[in-house]
Amino acid sequence: QEVTLKVHFFLPASSFANTLFIQPWCDKVAAESNQRIKCQSYPSMQLGGTPPQLYEQVRDGVADVVWTLPGYTAGRFPSVEVFELPFMMQNPEATSKALWDYVQTHSQAEFKDVHLLATHVHGDGVFHLTGKPVKTMADLRGLKLRAPTRLTNKFIAMLGATPVSMPVPQVGDAMSKGVIDGAVVPYEVVPSVKLQELSKFHSETDPAEPAFYTSTFIFAMNKAKYDALPADLKKVIDANSGQALSGEIGKAFLKADGIGKRMVNAKDVNVIPASELASWKVVGQKLAADWVTEMNGKGLPGSRMLDDAKALIAKYAKP
Amino acid sequence: MDQPVADSAALERLLDRLCDASAACGALVLMAMAGMTLVSVVGRALFAHPILGDVELVQLGGAVVVASFLPYTQQRRANIIVDFFTTGASAALQRRFDAVGSLLYTLVMALVTWRVAAGGVDIHAAQERSMLMDLPMWWPYALMLPGLSLCVVIGATQTWTLFRSPREVAA
Amino acid sequence: MSTLSIGLTMFGAMLLLMAVRVPIAVAMFVPGALGYLALSGWLPLLAHLKGAVYGRVSVYDLSVIPLFMLMGGLAVQGGLSKALFDFANALLGRFRGGMAMAGVLACAAFGSISGSTVATTATIAQVAYPQMRRIGYSGRLATAALATGGTMGVLLPPSVTLMVYAILTEQNITKMFLAAYVPALVAAVGYLVAIAVVVRLHPEQAPAAQAASRAELMQTGLRVWPIVAIFAVVFGGIYGGLFTATEGAAIGNVLTLAVTVLRGEIDRAKFAAAVRTTAQTSGMIFLIFIGADMINAALALSQLPAQLAELVGHLQIPPLLVMAGIMVFYILLGCVMDEMSMILLTVPTLFPVVMGMDFFGLMPADKALWFGILILTVCEIGMIFPPVGLNVYIMNGLARDVPMTETYKGVVPFLLTDGLRLSLLISFPAVALWLVHRLT
Ligand code: NA
Ligand code: NA
């Protein structure tokens, strides 16, 4: 029996997400299944719909495998938001592994309709700006900034900027038309939206400090498609999913950050020092406290979720 | 034969009024979007204080506007057709083609209406909300339904009229 | 049935349905939905449709269409656009065909910011078409000039479509934009010459040249200032980067409504008329978007564009013939797809093929820029090419008094200049590359 997987995602085929992770994954499962599992990739949302609709597409079988952000649909996956709180993530590999463990405990109900292959986060978020660099919190005032998810939008608003929420493929267009003055994304996305040409300044936070934001991702398969696989093919998929894969993706994204950073002009990069970030962390703590209250209001164990996430990140951060 | 004609004229007038009402609702939403955007731009320019979520309001509103405008287009038979290949055909044959065309239109709009409703139900169940304004995302889906349903009714009426009196010359 | 033959059958069924007067949106949707069904099954089709329609009608950039439509409708009903045209005519009426040329240039200016051929034609035509007819232009020339004019702006920077091409092929955006200027200028000159020749050979297509007196100019000039002021705010703000096209459209709407109400030029009935035209045109355009979206999704699923692209690329014939084949391929795709879908679905396959071939010994970077301009040019030609040109349909839908045949006849001279321009671009890549080399 041969199986073709329709793999749908929002970035172009040339993106690091595809070249460093999705395509290699496809090649690996193809090799290990003696070419009986094949991917049919549809990059750049070729199958239609919008990036926020990718989750429903894989749940309903429009696509067989998708790579997407739970955070593109606010309110749907409250539990994983905790990883998107400011200053949580230091190393994407460790945090991706932690996210996998966390999801097994706290997010089973939210993801029950799909078969999760991996969960991961990206590396440090960076400000990419058209007009002026961000050196202090005051520089953010009045800037229209694109942010990916609910909490990052909130955090940016609390810092004084005006968040505009949109999926990453729209960033280049919005930036060139002046819809936004900048975007927060990791370096890894830079070539996929041409930020090295569209933005002038790249303001990153002190690399010794945790990232001021990250986003969570899922790599998920349609449940019926997975269940219908013969036992030996299921085994191939199982061998190529789970915590190990999650950690590898996190590592690949860190590598991609390095390549992406080399594409921007080094003289356009500035580092926001740890001393400045102290006041940002105060704001971040307020956001975390608000989030705990909000989760408690939904009947979820807010502070336990926060503590578990922190403990798991710390556990995997140890060398 | 007089009675059905009078009935269909009355039905036609009712549909005209419903289409006007739907288009008017769409225009109100559109003007509200325009006003909101103006306030946001002025707030941004003068006070560095735009409306948070102005972009998503335009997206949500845009969907409602379009759905409210669709019935008027069909009522006026303004959805574009290609008459290039059928200019030589008899009026009766053209009318038969149009009957098939409006039947297909009706089926397509019925399918679309049903699926948008299903999508709204799904999003309601998933409690998805808009990113900045925290509005329930099923609202625009629900607000699209009156306009889309009206399209189905209009399509069905036109199909029925066209099939019933195939010899009548198109108005 | 192979996926390829399903794709081809969909295409054929669409053409057949269109030929027998099925509304074109429906003629795209039905084969699209059936093709999707055959390729993927009931459940995926039904699931796809749950989100696809909302996804298509809730696009921020596309809300400029109803917004500019309503602004145009209010300007028409309030007499503002008549004042504008009287003034423009007083200025340009001394040149035969002058107003048609102005219409083409207005399309170019608007298209460069809207980035969508269809939105451009619809918006400009809403204001310009009735006025062109009023002063004596034939339906043939008026619809053809506006439909063709709409195809030009998308090439003009900032072009979203070019940006997407640059991203897919890893080219520099600035160079990509620079490469577009001269070809866009050539296009404009070609269209203006086409109009000049048409009105010379067929004087009945355009009103006679008529020099306005100084008094007339003064008189029309005095009435034109409100609309000029509104345009200055809206387009000045958009070009100046103060606000986006959608925001500009929103502001223009509020300003137009305010001006016409304050001057007592609009009443309930006129407002209702503006709303009706807005509803009718927006409904028509978005239904086509919904239909095109369905068949595009099914074509993507069938991989027809990618497979055809591969086929064209592997023909064992000289590079220039391959290039000609590629151009024909895009003109065919232009039947059902907008420029963005065409680029997204085909460039990843075709680009490596083209890069592997030798054209005049061009360097890879130059070849990539040149190819980008070429395919965007043919994408746009595809949108007005008979028998199925998306933009011709939109224009014709706005001009309900003109048969489609007339519009297509009118488009022919413009297509001739397009053909010349394309041959020029293919034979002399320098047309695109000269400015790039000059400035970088
Ligand atoms: Na443009
Ligand atoms: Na065409």
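Residues numbered from 1 in each chain as written. Chains lettered and ligands numbered in written order. Predicted model: local features only at pLDDT ≥ 70, side-chain atom pairs only at ≥ 80, totals over all residues. Heavy atoms only, no water.

(A) Region of the structure containing the overall build of chain B. Of the regular secondary structure elements, chain B holds 4 helices and 0 strands. Counting from the amino terminus, chain B carries its helices and strands in the arrangement α-α-α-α. Against the globule reference of 16 Å for 171 residues, chain B gives a C-alpha radius of gyration of 20 Å, more extended than a compact globule. Split into buried and exposed, the 171 residues of chain B put 50% on the buried side. Here the analysis covers contacts within chain B between residues at least 6 apart in sequence; of these, 79% occur between residues at least 24 apart. (Helix = DSSP H or I, 4+ residues; strand = E, 2+ residues; numbered from the N terminus. Rg over C-alpha atoms; globule rule 2.2 N^0.38 Å. Buried < 20%, exposed > 50% of the residue type's maximum accessible area, 1.4 Å probe, protein only. Contact = heavy atoms within 4.5 Å.)

(B) Main features of the side chain of Glu209 of chain A. Residues and elements named next belong to chain A. On the secondary structure map, Glu209 appears in the loop between β9 (201-205) and β10 (216-222). Under the relative-accessibility criterion, Glu209 is labelled buried at 15%. A polar contact of 2.2 Å, which involves the side chain of Glu209, links it to the side chain of Lys281. With residues near it in sequence (within four places) discarded, Glu209 still touches Gln90, Asp124, Ala274, Leu277 and Lys281. (Polar contact = N/O pair within 3.5 Å; in protein donor to acceptor, adjacent residues only side chain to side chain.)

(C) A look at the interface of chain B and chain C. Counting residues at the interface gives 57 residues for chain B and 52 residues for chain C. At the surface where chain B touches chain C, the tally comes to 4 salt bridges. Linking Arg44 of chain B and Glu247 of chain C is a salt bridge whose minimum nitrogen-to-oxygen distance equals 3.0 Å. At the boundary of chain B with chain C, the tally comes to 12 residue pairs in polar contact (both at pLDDT 80 or more). The set of elements that each furnish at least two residues to the side of chain B that touches chain C consists of α1 (2-47), α2 (54-75), α3 (91-126) and α4 (138-164) of chain B. Looking at which element gives the most residues to the side of chain B that touches chain C, the answer is α3 of chain B, with 16 residues. (Salt bridge = Lys/Arg side-chain N within 4 Å of Asp/Glu carboxyl O.)

(D) Seen up close, the UniProt feature "transmembrane region" (unreviewed entry) in chain B. Residue and element names in this part refer to chain B. UniProt feature "transmembrane region" (unreviewed entry): in the numbering of this structure it lies at residues 21-42, 99-118 and 138-157. What you have in residues 99-118 is 100% helix and 0% strand, and the ends, taken at the C-alpha atoms, are 29 Å apart. Along residues 138-157, the helical share is 100% and the strand share 0%, with 29 Å between the first and last C-alpha atoms. (UniProt positions renumbered as here; feature names shortened; annotations may be inferred.)

(E) How the structure looks around the interface of chain B and chain A. Contacts between chain B and chain A engage 16 residues on the former and 22 residues on the latter. Taken together, both faces of the contact between chain B and chain A bury some 1400 Å²; the carbon and sulfur share is 56%. If you sort the residues of chain B by the area they bury against chain A, Glu128, Met131 and Leu132 of chain B come out on top, with a joint share of 37%. One salt bridge connects Asp122 of chain B with Arg59 of chain A, and the closest N-O pair in it is separated by 2.5 Å. (Buried area = accessible area lost by both parts, 1.4 Å probe.)

(F) Seen up close, unusual backbone geometry. Residues and elements named next belong to chain B. Of note in this structure, Arg77 is not a glycine but carries a positive phi near 50°. Tracing the chain through its elements places Arg77 in the loop between α2 and α3. Backbone geometry at Asp134 places phi at a positive 60°, although glycine is not the residue there. Secondary-structure assignment places Asp134 in the loop between α3 and α4.

(G) Examining the pattern of salt bridges more closely. Applying the stated criterion across every chain, the model contains 33 salt bridges over all chains. In this structure, Asp60 of chain A and Lys50 of chain C form a salt bridge, with 2.7 Å as the shortest nitrogen-oxygen distance. With Asp60 of chain A in helix α2 (residues 54-60) and Lys50 of chain C in helix α3 (residues 42-57), this residue pair bridges two chains. Overall, the relative accessible area of 21% leaves Asp60 of chain A in the partly exposed class. Its relative accessible area of 7% is what places Lys50 of chain C among the buried residues. Close ionic contact of Arg133 of chain C with Asp401 of chain C constitutes a salt bridge, the shortest N to O distance being 3.0 Å.

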